[in-house]
Amino acid sequence: MTPAARLQAAIELLDRIGAEAPAADWIMRDYFRKRRYAGSGDRRAVGQIVFTVLRQRGLIDWRLEQTKLPTDNRLRAFLSLLLENGATALPGDNTAHGPVPPTADEAAALDLAQALDTAEAPLPDRAGFPAHLLADLTETYGEGVEQELLAQLQDVAAVDIRVNSQKSDRDRVLARLEADGIGAAASGWTGTAVRLAGRPNLNAHPLLSDGTIEIQDAGSQLVSALVGVEPGQQVADFCAGAGGKTLAMGARMENRGELHALDVDVRRLERLRARATRAGLRNVQSRRIDPEGDLPQELIGRMDRVLVDAPCSGSGTWRRQPEQRWRLDPTRLEQHQVRQIQIAGRAATLLQPGGLLIYVTCSILRAENEIVITELMRQLPHLVRIDCQDMAAKAGVSLPDGAVTEAGELRLSPYCHGVDGFFAAVLRSDIR
């Protein structure tokens, strides 16, 4: 592909990403699957343009608006390339398979846009998030909101793996990775996390193929460990998805007891079953549940632990999925909150007296975290909050400094803790 054709592909992809629900990575894979002529270099170059625009869209749009240019993906891509590579980055007038070049007026405005002092831009534009979230995030981070958001939303997330304790240990995995020329180091707070240097492709690596390791953020590993499962217990993962946290809990249960993986999506559960088999877990029972219907009667009132990894905005993972930040409007956020309260309330019916509900999101927003817990406890007064520090001590895991709030809830920060943003609250059923 010529540079102009790469630029046109990036613009087409940005249009699709803005109009469709799937993740940007999936949309890009689908796009290039239908264009076999594009080589690996083409895919990397196009991806670089796409993700730069998605991460920097706040400031790009601010620059365009200040110079009276429309905020469309063609001009976003032009300005992104100009900021990164200068005037030579744009295609000429007669370039085949490329976008329509800037008009004289557009070119003049783009020159002005490049020269703007972005220190004058509002924080949401500089950090790259929708302005309607500023009040929520300011309440969370207080005076440190600017430093926190500028750091965590513009950084690129690292790649972590979890060592499956049913098959190996961290020292042996580190030695194998070193022998294979893959840089890695112990990480996290659980004894299972390894952080990779760079972004090596592990898809064909034997450790991943045989279930010895799984790709999982160290923060996700920590909240999985915080559930405090023990061998022999009855445990439910209420929103199991493809099973990352299910597998982490299953390894801690050592194939004793029952781990019920519940979800509304059959396809995700099928992937979980395959991963559980590969991981050597025999106590995982996956089951589809109806999003509105009755829960399995044989599970109600029997669970020692129920993990609710609630569907959310994913704002704690916006470093990995920058497109998601631009899809979150106030209506969608309110829908998330209503759904989260409903899901957690249904999940609580599975608890036996004294059982623990662990509510988790990969969100940094109070609207999906503290506010949900407050409303859940109002609706279900038999649920009593347990301090996450006490829960961690019983589970045998350490927590990073500053991660526990005054209310005893866990809040992991990409900026402070170097992992995805997570929230966790532990609630005990005090029904007698």
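Refer to the preceding data block for the structure.
Remember, predicted model here, so these are calculated numbers, not experimental data.

A.B. asks: Provide a residue-level description of the sheet that holds strand β4 (residues 213-215), including the pertinent values.
C.D. replies: The strands that make up a sheet are held in pairs by hydrogen bonds between backbone atoms, and each pair lies either parallel or antiparallel. Overall, antiparallel pairing links the four strands, which are arranged β2-β3-β1-β4 in an open sheet. This sheet does not close on itself; its edge strands, each paired only once, are β2 (184-187) and β4. Strand-to-strand, the axes of this sheet are offset by a mean angle of 35°, without reference to chain direction. Both β2 and strand β3 (residues 193-196) contribute to a ladder of four bridges, which runs antiparallel. Bridge pairing in β3 places Ala 184 opposite Leu 196.

A.B. asks: Residue-level account of the environment of Pro 381, with values.
C.D. replies: Inspection of the secondary structure puts Pro 381 in the loop between α15 (370-379) and β10 (383-386). Placed 227 residues apart in sequence, Pro 381 and Gln 154 show a C-alpha to C-alpha distance of 40 Å.

A.B. asks: So what's going on with unusual backbone geometry? Which residues, and what values?
C.D. replies: Negative phi is the rule for most residues except glycine; trans is the rule for most peptide bonds. You will see that Glu 254, though not glycine, has its phi angle at about 55°, which is positive. With respect to the helices and strands, the residue Glu 254 is situated in the loop between α12 (244-253) and β6 (258-263). By relative accessible area, which is 41% here, Glu 254 ends up partly exposed. For Asn 255, which is not glycine, the phi torsion reads 65° and is therefore positive. The exposure class of Asn 255 is buried, given its relative accessible area of 16%.

A.B. asks: Tell me about helix α4 (residues 73-85), and please be specific about residues and values.
C.D. replies: Here α4 spans 18 Å end to end across 13 residues, near enough to the 18 Å set by a 1.5 Å rise per residue. By the criterion of burial, α4 is predominantly enclosed, with 10 of the 13 residues buried. Within the span of α4, buried status applies to Asn 73, Arg 74, Leu 75, Arg 76, Ala 77, Phe 78, Leu 79, Ser 80, Leu 81 and Leu 82. Sitting at the amino-terminal end of α4 is Asp 72, which places a side-chain oxygen 3.2 Å from the backbone nitrogen of Arg 74. At the exit of α4 stands Gly 86, carrying a positive phi of roughly 85°.

A.B. asks: Any chance you could break down the side chain of Ser 363 for me, citing the residues and the numbers?
C.D. replies: Checked against the element boundaries, Ser 363 lands in the loop between β9 (351-361) and α15. For Ser 363, a relative accessible area of 1% corresponds to the buried category. Among the polar contacts listed, one links the side chain of Ser 363 to the side chain of Ser 315, at a separation of 3.1 Å. Contacts of Ser 363, omitting those with residues within four sequence positions, involve Cys 312, Ser 313, Ser 315, Gly 316, Glu 368, Asn 369, Arg 411, Gly 421, Phe 422 and Phe 423.

A.B. asks: Kindly report on the packing of aromatic side chains, identifying the contributing residues and their values.
C.D. replies: For the structure shown, the criterion picks out two aromatic pairs. Taking 5.2 Å as the distance between ring centres and 85° as the angle between the ring planes, the aromatic pair formed by Tyr 31 and Phe 32 counts as edge-to-face. With respect to class, Tyr 31 is no different from Phe 32; both count as buried. Centre to centre, the rings of Tyr 359 and Phe 423 are 6.5 Å apart; their planes meet at 70°, and the pair counts as edge-to-face.

A.B. asks: Explain the pattern of salt bridges to me, using residue names and the numbers behind them.
C.D. replies: For the structure on display, the rule yields 29 salt bridges. Between Glu 139 and Arg 366 there is a salt bridge, with the nearest N and O atoms lying 3.5 Å from each other. On the criterion of sequence distance, the pair formed by Glu 139 in helix α7 (residues 134-141) and Arg 366 in the loop between β9 and α15 is long-range, its members being 227 residues apart. A salt bridge links Glu 370 to Arg 366; the shortest N-O distance between them is 3.9 Å. Here the salt bridges do not stand alone but share partners, grouping Arg 16, Glu 20, Asp 30, Arg 33 and Lys 34 into one network.

A.B. asks: Could you give an account of the packing of helix α14 (residues 330-348) against α15, with specific residues and numbers?
C.D. replies: In contact at an axis separation of 10 Å, α14 and α15 are set at 45° when each is read in the N-to-C sense. One way to sum up the angle between α14 and α15 is to call them oblique. Viewed along their axes, α14 and α15 form a crossing whose handedness is right-handed. Here Gln 337, Gln 340, Ile 341, Ala 344 and Gly 345 of α14 lie close against α15, whose contacting residues are Ile 371, Val 372, Glu 375, Leu 376 and Gln 379.

A.B. asks: I'd like a description of the packing of helix α1 (residues 3-19) against helix α2 (residues 24-33), backed by residues and values.
C.D. replies: Viewed as axis vectors pointing N to C, α1 and α2 meet at an angle of 130°, and their least axial separation amounts to 10 Å. Classified by the angle their axes make, α1 and α2 are oblique. You can see that α1 and α2 cross each other, and the crossing is right-handed. Contacts from Ala 9, Glu 12, Leu 13, Arg 16 and Ile 17 of α1 reach α2 at Ala 24, Ile 27, Met 28, Asp 30, Tyr 31 and Phe 32. Split by residue class, the contact of α1 with α2 holds eight nonpolar, no polar and three charged.

Calculation criteria
Residues numbered from 1 in each chain as written. Predicted model: local features only at pLDDT ≥ 70, side-chain atom pairs only at ≥ 80, totals over all residues. Heavy atoms only, no water. Pairing = 2+ DSSP bridges. Helix = DSSP H or I, 4+ residues; strand = E, 2+ residues; numbered from the N terminus. Axes fitted to C-alpha atoms, helices over the stretch in contact; angles between N-to-C directions. Buried < 20%, exposed > 50% of the residue type's maximum accessible area, 1.4 Å probe, protein only. Expected span 1.5 Å × (residues − 1). Polar contact = N/O pair within 3.5 Å; in protein donor to acceptor, adjacent residues only side chain to side chain. Contact = heavy atoms within 4.5 Å. Phe/Tyr/Trp six-rings, centres within 6.5 Å; stacked < 30°, edge-to-face > 60°. Salt bridge = Lys/Arg side-chain N within 4 Å of Asp/Glu carboxyl O. Parallel < 35°, antiparallel > 145°, perpendicular 65-115°, else oblique. Left-handed = near helix turned anticlockwise from the far one by under 90°. Nonpolar A, V, L, I, M, F, W, Y, C, P; charged D, E, K, R; others polar.

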